[in-house]
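Read off the chains here:
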Amino acid sequence: METQRIKSTYKILGGFGLLLVLTLVFSTLYFKVIETQFENNYDLETWLNSTNDIFLVSILSFWELVFLSLFMSQNKFIIIDNEEVIFINPLLPFIRKTRQSNEYDYFITVAEQSRGGEYEAIWLIKDNKIKDRISSFYYSNYFELKDNLSIRNEGERNINPFMQIFYLFGLRIKD
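Residues numbered from 1 in each chain as written. Predicted model: local features only at pLDDT ≥ 70, side-chain atom pairs only at ≥ 80, totals over all residues. Heavy atoms only, no water.

Participant: I would appreciate a short explanation of the environment of Glu154 in the present structure.
Facilitator: Structurally, Glu154 is set in strand β8 (residues 153-157). Take Glu154: its relative accessible area is 35%, and that puts it in the partly exposed class. Between the C-alpha atom of Glu154 and that of Phe107, which follows or precedes it by 47 residues, the distance is 6.0 Å. Every residue in contact with Glu154, bar those within four places of it in the chain, is listed here: Tyr106, Phe107 and Ile108. (Helix = DSSP H or I, 4+ residues; strand = E, 2+ residues; numbered from the N terminus. Buried < 20%, exposed > 50% of the residue type's maximum accessible area, 1.4 Å probe, protein only. Contact = heavy atoms within 4.5 Å.)

Participant: What should I look at first to understand unusual backbone geometry in this one?
Facilitator: With the exception of glycine, most residues fall at negative phi, and the peptide bonds are largely trans. In this structure, Asp127 takes a positive phi of about 55 degrees despite not being glycine. Along the polypeptide, Asp127 turns up in the loop between β6 (117-126) and β7 (129-135). Take Asp127: its relative accessible area is 47%, and that puts it in the partly exposed class. In this structure, Asn128 takes a positive phi of about 60 degrees despite not being glycine. A residue is classified by how much of its surface remains accessible, and Asn128, at 24% relative accessible area, is partly exposed.

Participant: I would appreciate a short explanation of the sheet that holds strand β4 (residues 96-100) in the present structure.
Facilitator: Strand pairing in a sheet relies on backbone hydrogen bonds, with the paired strands running either antiparallel or parallel. Taking strand neighbours across the sheet as the criterion, the 4 strands line up as β1-β2-β3-β4 in an open arrangement whose pairing is antiparallel. Looking at strand neighbours, the two that pair on one side only are β1 (6-7) and β4, the edges of this open sheet. (Pairing = 2+ DSSP bridges.)

Participant: How should the pairing of β7 be read in this particular structure?
Facilitator: One face of the sheet, then the other: side chains in a regular strand alternate in exactly this way. Bridge analysis of β6 against β7 gives 6 bridges, and the strand direction is antiparallel. In the sheet register, Ile122 faces β7, and the bridge partner there is Ile134.

Participant: Explain the pairing of strand β5 (residues 106-114) here, please?
Facilitator: Relative to β6, β5 is paired through 9 bridges, and the arrangement is antiparallel. Note that in β6 the partner of Gln113 across the bridge is Glu118. The antiparallel hairpin formed by β5 and β6 contains 2 residues in its connecting segment. Where β5 meets β8, 3 bridges bridge the pair, whose relative direction is parallel. Bridged to Val110 within β8 is Arg157.

Participant: Looking at this structure, I do not really get the sheet that holds β5. What am I missing?
Facilitator: Read across the sheet, 4 strands follow the order β7-β6-β5-β8 without closing on themselves; strand pairing throughout is mixed. Every other strand in the sheet has two partners, leaving β7 and β8 as the edge strands with one partner each. The mean angle between the axes of side-by-side strands here comes to 30 degrees, regardless of whether they run parallel or antiparallel. Most of the contacts of helix α5 (residues 161-168) go to β5, to which it runs at about 130 degrees, and overall it touches β5, β6 and β7. (Axes fitted to C-alpha atoms, helices over the stretch in contact; angles between N-to-C directions.)

Participant: It is not clear to me how helix α3 (residues 51-74) should be interpreted in this structure. Could you clarify?
Facilitator: Count 3.6 residues to each turn of an α-helix, and residues three or four apart come out pointing the same way. An ideal rise of 1.5 Å per residue puts 34 Å on 24 residues; α3 measures up with 34 Å between its terminal C-alpha atoms. All buried positions along α3 are accounted for by Asp53, Val57, Leu60, Glu64, Phe67 and Phe71. (Expected span 1.5 Å × (residues − 1).)

So yeah, pure geometry; function would need other evidence.
As structure tokens, then:
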């Protein structure tokens, strides 16, 4: 059997674009605030005594870290072939996770909810826990990725959105 490698393609008007824009907006705001403070010739002592400035920088830093970590964790570049699934970090491509197809017991598809509508997601399962996830919200060639998985497909599951959160955080999926 010939090995076929399928590479993911990001959906620009989906999760990838949304997280990219939010990350860029908050990083721009963050650096504009810092730049303004340096233009006003702040020294460290003055800055530490300014509660408003510390609060603003802390809030912007928090949201920047949230969006950056979401971008890195949810927008992995994916390569699927007959024997393995490779997840590559979009910002630090030397960080990659390679899983052999036989490391998963099976996969299921689940309808996940968002404000923009409903999206299908593949949950890759090992020992009745989600090990990895591929969502149609992030990838334009989602169905091609799904069709080329060499993992047993257990079909669709109708799981309410509240329970999905618990499963994503590690709760065992009931059969």
